[in-house]
Amino acid sequence: MAEETDILVAGAGPVGLALALALTRRGVAVRVLEKREALSAASRASTFHPPTLDALAELGVLAPLLPGGVRVDRILWRQVETGAATTLDLGMLAAETGHPFRWHREQQDVTPALLAALPPGCVRFRAGVTGLAQDEAGVTLHAADGSTHRARYAVGCDGASGTLRGLAGIGVEGSDYAHRVLRILTPRDLRKVVPGLDGLGYLYDATGSCSLLRMPEVWRLIFRIPPEMTEAEAMEPAHVRGRIGRFLPGHQNLEIAGQDVYGVKRAMATSYCAGRVLLAGDAAHLTNTRGGMNMNAGIHDAMTLAATLGKVLEGGPDRLLQDWAAARLRVVRDALLPRSEGRVAADPAAEVARMAALTPDQALVWAREASMLDMARVGAPG
Ligand SMILES: Cc1cc2nc3c(=O)[nH]c(=O)nc-3n(C[C@H](O)[C@H](O)[C@H](O)COP(=O)(O)OP(=O)(O)OC[C@H]3O[C@@H](n4cnc5c(N)ncnc54)[C@H](O)[C@@H]3O)c2cc1C
């Protein structure tokens, strides 16, 4: 016998949990089916952009979390050889968002707050989705614990593996990016090492770049590694120390609290919906970690979808969901993918001069786009 609810969500990552909470706040009954036995504790996203902070505040979870993260008001670009530098103050976005700053906090420190805000029993762990059936009136999901669930709609927030996407017959176009990423963690306060650094810095030399992100306990140093280099070669102390020394001259021996190499994939579902199944988050799009946008875009998918589902459940036309799906697909194709891929700087050392030359209006456009303010609400019902 199927257990009934209004909306079923596959996956209790940040996107599935945000969607479930946004629906719950609208009085919609939701059940989340999660494959794992507990929330993921993997270190992944670090960056929460202004519209995502606005969303978390709207969901009522941000205020107690904020003091535990790092508020970043200023971004630094610095050329290593000459010391030429420029900064951009995100405060210029104050007219457009209640949170005109980036906030750095581990993704896995935020998901428990979303879970805690949901009604007890809303998330069922060890219940990965294994089967799907759809008809005119609703959708039925089968879960690995033997349970069966029935709802008006189901949403696949089950990450890159996209089980529900596959069961619904939605295709995906994807490829691996050529480069991988070397991530080094240090407890050293890099504000004392790099002049002008607040919580985010892009350092350039003639041959490449390095990003510095301040997290609550450590700094992340992010380097691209070329396709021909093996993971073992990238992790070798001589290579790691050499990379650090190139961008932080004189500090190649700074304390290292951790290091890893990860690959980055590009993928886009061919549609955000098939019948009564919809997609959000990594199940619908994957991109480079540059700019820290993919989880943020997934939470924007969730917020706009919750608003749309709310209208449909109140009697609005089903077409609103197809409009939402088309709008979010356009955001991925036209903004998220190109922006997080970026152009490869022909002359990395000229990047600082390029940023320094922006007029105030150009800087505002750059800040809006880097903060995703122009794409977050696309697809929300009018
Ligand atoms: C190193 C790294 C750094 C990153 N940095 C950033 C950043 O700074 N900013 C940013 O925006 N993004 C960043 N990202 C991307 C971000 O981590 C993902 O976009 C985000 O986790 C996507 O959330 P999600 O809920 O869609 O999917 P996931 O977090 O993958 O969650 C999916 C959930 O579904 C569950 N599941 C899987 N299969 C099933 C099934 N069959 N049934 C039920 N449940 C299932 C999984 O167990 C999981 O709990 C980074 C990623 C990496 C790897």
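Below or above, wherever it landed, is the structure these notes cover.

The rules we used
- Residues numbered from 1 in each chain as written.
- Predicted model: local features only at pLDDT ≥ 70, side-chain atom pairs only at ≥ 80, totals over all residues.
- Heavy atoms only, no water.
- Helix = DSSP H or I, 4+ residues; strand = E, 2+ residues; numbered from the N terminus.
- Rg over C-alpha atoms; globule rule 2.2 N^0.38 Å.
- Contact = heavy atoms within 4.5 Å.
- Areas by Shrake-Rupley, 256 points an atom, 1.4 Å probe, with all protein chains shown as cover.
- Salt bridge = Lys/Arg side-chain N within 4 Å of Asp/Glu carboxyl O.
- Buried < 20%, exposed > 50% of the residue type's maximum accessible area, 1.4 Å probe, protein only.
- Polar contact = N/O pair within 3.5 Å; in protein donor to acceptor, adjacent residues only side chain to side chain.
- Axes fitted to C-alpha atoms, helices over the stretch in contact; angles between N-to-C directions.
- Parallel < 35°, antiparallel > 145°, perpendicular 65-115°, else oblique.
- Left-handed = near helix turned anticlockwise from the far one by under 90°.

Further remarks concern the overall build of the protein chain. Looking only at helices and strands, one finds 11 helices and 21 strands in the protein chain. For 382 residues, the compact-globule estimate of 2.2 N^0.38 gives 21 Å, and the C-alpha radius of gyration of the protein chain, at 21 Å, lies within 12% of that figure. Taking the principal axes of its C-alpha atoms as reference, the protein chain extends roughly 70 × 45 × 40 Å. For the protein chain, the share of sequence-separated contacts (at least 6 apart) that also reach a separation of at least 24 residues comes to 73%. Surface exposure of the protein chain reaches about 15,900 Å², of which carbon and sulfur atoms provide 52%.

Bringing the pattern of salt bridges into the picture now. Using the criterion set out here, one finds 17 salt bridges in the structure. R339 is the partner of D374 in a salt bridge, and the nearest nitrogen-oxygen pair spans 2.8 Å. Residue D374 is found in the segment after α11 (360-370), and its partner R339 is found in helix α9 (residues 319-341); the two are separated by 35 residues along the sequence. Between R354 and E351 there is a salt bridge; the shortest N-O distance is 3.3 Å. Of this pair, R354 and E351 both sit in helix α10 (residues 351-356), 3 residues apart, which is roughly one turn of that helix.

Attention now moves to the environment of R368. Turning to its location among the elements, R368 is positioned in helix α11. Judged by relative accessible area, R368 falls into the partly exposed class, the value being 29%. For R368 and L90, which are 278 residues apart along the polypeptide, the C-alpha to C-alpha distance reads 9.0 Å. Looking at R368, its side chain comes within polar contact range of the side chain of E96, at 2.5 Å.

Two measures define how a pair of helices packs: the angle their axes make with one another and the distance between the axes. Running from N to C, helix α8 (residues 294-313) and α9 point in directions that differ by 165 degrees, and their axes come no closer than 10 Å. The orientation of α8 with respect to α9, classified from their angle, is roughly antiparallel. Read as a crossing pair, α8 and α9 show a hand that is right-handed. Touching N294, A297, H300, D301, T304, L305, T308, L309, K311 and V312 of α8 are L320, L321, W324, R328 and L336, all from α9.

This part takes up helix α2 (residues 50-58). For α2, every residue scored as buried is listed here: P50, P51, T52, L53, A55 and L56. Close packing links the buried residues of α2 with β4 (47-48), α3 (62-65), β8 (102-104), α4 (107-117) and α8.

By themselves, these observations are geometric and do not establish any function.
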